[in-house]
Amino acid sequence: MVLVSQSNEGIFDCVFLNGAERILMEEMSSHRFDGKVPVETVVSTMAEAVKAGKVKYLGLSECSAETLRRACQVHPIAAVQIEYSPFTMDIEDPKIALLKTCRELGVATVAYSPLGRGMLTGQYKSNKDFEEGDWRRTAPRFSDENFAKNLQLVDKLTDIAKKKGCTTGQLTLAWLICQGDDIFPIPG
């Protein structure tokens, strides 16, 4: 579930005023905090849906370690969704400490874009391979300047994958899974 608004009203409308007498979601996540509403307010409001039996677990997306700690003081957080791949390993950086904090608090990590937003599938050789209007054409990772550098990593991983008898994508997903039982990649 994606929340349109992180306000109390937006969360309430999303969960309680949807016309259904009862819905049950396994997890409700708040994505990309805008800074206008404190995380404590967002999580407290989402927790009302848990208390009402409409949601089983709460999650956060794209949060900092500090935000996660603050959220967990209000209600248990089951998972944090964050980009995690051989291209984006910020979660492991000790200065950011998000993976460390997740583990300390018993929060699972849902790794989105584990295939590097398609780079690790092997089907893209330049940013011209993206369709017109594809947002990746404007992202720094996929700029003409950076694309060739990123392909070097793809080529190295492809060589390893060939030796293992699998695709680069399979190798990457296996690598992520091996980072711990608390890492759940969601390709696609």
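Residues numbered from 1 in each chain as written. Predicted model: local features only at pLDDT ≥ 70, side-chain atom pairs only at ≥ 80, totals over all residues. Heavy atoms only, no water.

Some points on the overall build of the protein
Within the protein, the regular secondary structure consists of six helices and five strands. Listing the helices and strands of the protein from first to last along the sequence gives α-β-α-β-α-β-α-β-α-α-β. When each of the 188 residues of the protein is scored for burial, the buried share is 45%. For the protein, restricting intrachain contacts to residue pairs at least 6 apart in sequence, the fraction spanning at least 24 positions comes to 64%. For the protein, the exposed surface amounts to about 10500 Å²; the carbon and sulfur share of it is 53%. (Helix = DSSP H or I, 4+ residues; strand = E, 2+ residues; numbered from the N terminus. Buried < 20%, exposed > 50% of the residue type's maximum accessible area, 1.4 Å probe, protein only. Contact = heavy atoms within 4.5 Å. Areas by Shrake-Rupley, 256 points an atom, 1.4 Å probe, with all protein chains shown as cover.)

Details of the environment of Arg70
Relative to the elements of secondary structure, Arg70 occurs in helix 3 (residues 65-74). Remark: the alpha-carbon pair of Arg70 and Glu40, spanning 30 residues in sequence, is separated by 6.7 Å. Non-local contacts of Arg70, meaning those with residues more than four positions away in its chain, are made with Pro38, Val39 and Glu40.

Regarding the pattern of salt bridges
A side chain of one charge can pair with a side chain of the opposite charge if their charged atoms are brought near each other. A complete count under the given rule lists nine salt bridges for this structure. Close ionic contact of Glu40 with Arg70 constitutes a salt bridge, the shortest N to O distance being 2.7 Å. Within this pair, whereas Glu40 is found in helix 2 (residues 39-51), its partner Arg70 is found in helix 3, the two being separated by 30 residues in sequence. Accessibility expressed as a relative area gives 27% for Arg70, which makes it partly exposed. Between Arg141 and Glu83 there is a salt bridge, and its shortest N-O distance comes to 2.9 Å. A residue pair is termed long-range when its members are at least 10 positions apart, and Arg141 in the loop between strand 4 (108-112) and helix 5 (144-164) and Glu83 in strand 3 (residues 79-83) qualify at 58 residues. Exposure class is identical for Arg141 and Glu83. Each is buried. One continuous salt-bridge network, built from bridges that share partners, spans Glu40, Glu66 and Arg70. (Salt bridge = Lys/Arg side-chain N within 4 Å of Asp/Glu carboxyl O.)

Some details on the packing of helix 2 against helix 3
Here helix 2 crosses helix 3 at 40°, and the two axes come no closer than 9 Å. By the criterion of interaxial angle, the relationship of helix 2 to helix 3 is oblique. Here helix 2 and helix 3 pass one another in a crossing that is right-handed. Contacts between helix 2 and helix 3 involve Val39, Glu40, Val43 and Ser44 from the first element and Thr67, Arg70, Ala71 and Val74 from the second. Partitioning the contact of helix 2 with helix 3 into residue classes produces four nonpolar, two polar and two charged. (Axes fitted to C-alpha atoms, helices over the stretch in contact; angles between N-to-C directions. Parallel < 35°, antiparallel > 145°, perpendicular 65-115°, else oblique. Left-handed = near helix turned anticlockwise from the far one by under 90°. Nonpolar A, V, L, I, M, F, W, Y, C, P; charged D, E, K, R; others polar.)

Brief notes about helix 4 (residues 98-105)
Side chains three or four residues apart in an α-helix point the same way, a direct result of the helix having 3.6 residues per turn. Restricting attention to buried positions, one finds in helix 4 the residues Leu98, Leu99, Thr101 and Cys102. All buried residues of helix 4 lie within an arc of 165° about the axis, which places them on one face of the element. On its buried side, helix 4 packs onto helix 3, strand 3, strand 4 and strand 5 (183-186). Directly after helix 4, the chain includes Gly106, whose backbone phi takes a positive value near 70°. (Arc of directions from axis to C-beta.)

So, the environment of Gln170
When you line up the elements, Gln170 lands in helix 6 (residues 168-177). Sequence-wise, Gln170 and Leu115 are 55 residues apart; in three dimensions their C-alpha atoms are separated by 9.2 Å.

Observations concerning the environment of Leu99
Position of Leu99 among the secondary structure elements: in helix 4. With a relative accessible area of 8%, Leu99 lands in the buried category. Between the alpha carbons of Leu99 and Thr109 there is a distance of 7.6 Å; along the sequence they are 10 residues apart. Once residues within four sequence positions are removed from consideration, Leu99 is found in contact with Tyr84, Ile91, Glu92, Thr109 and Ile183.

As for the pairing of strand 3
In the case of a regular strand, side chains alternate between the two sheet surfaces. Burial within strand 3 is extensive, with five of its five residues counted as buried. Pairing geometry for strand 2 (residues 55-61) and strand 3, over three bridges, is parallel. Each residue of the ladder has a partner; that of Leu60, found in strand 3, is Val80. Taken together, the five bridges between strand 3 and strand 4 define a ladder with parallel strand orientation. In the strand pairing of strand 4, Ala79 is matched with Ala108. With helix 4 bridging strand 3 and the parallel strand 4, this β-α-β connection has right-handed handedness. (Pairing = 2+ DSSP bridges. Right-handed = clockwise from strand over helix to strand, strands pointing away.)

These figures capture arrangement, not role.
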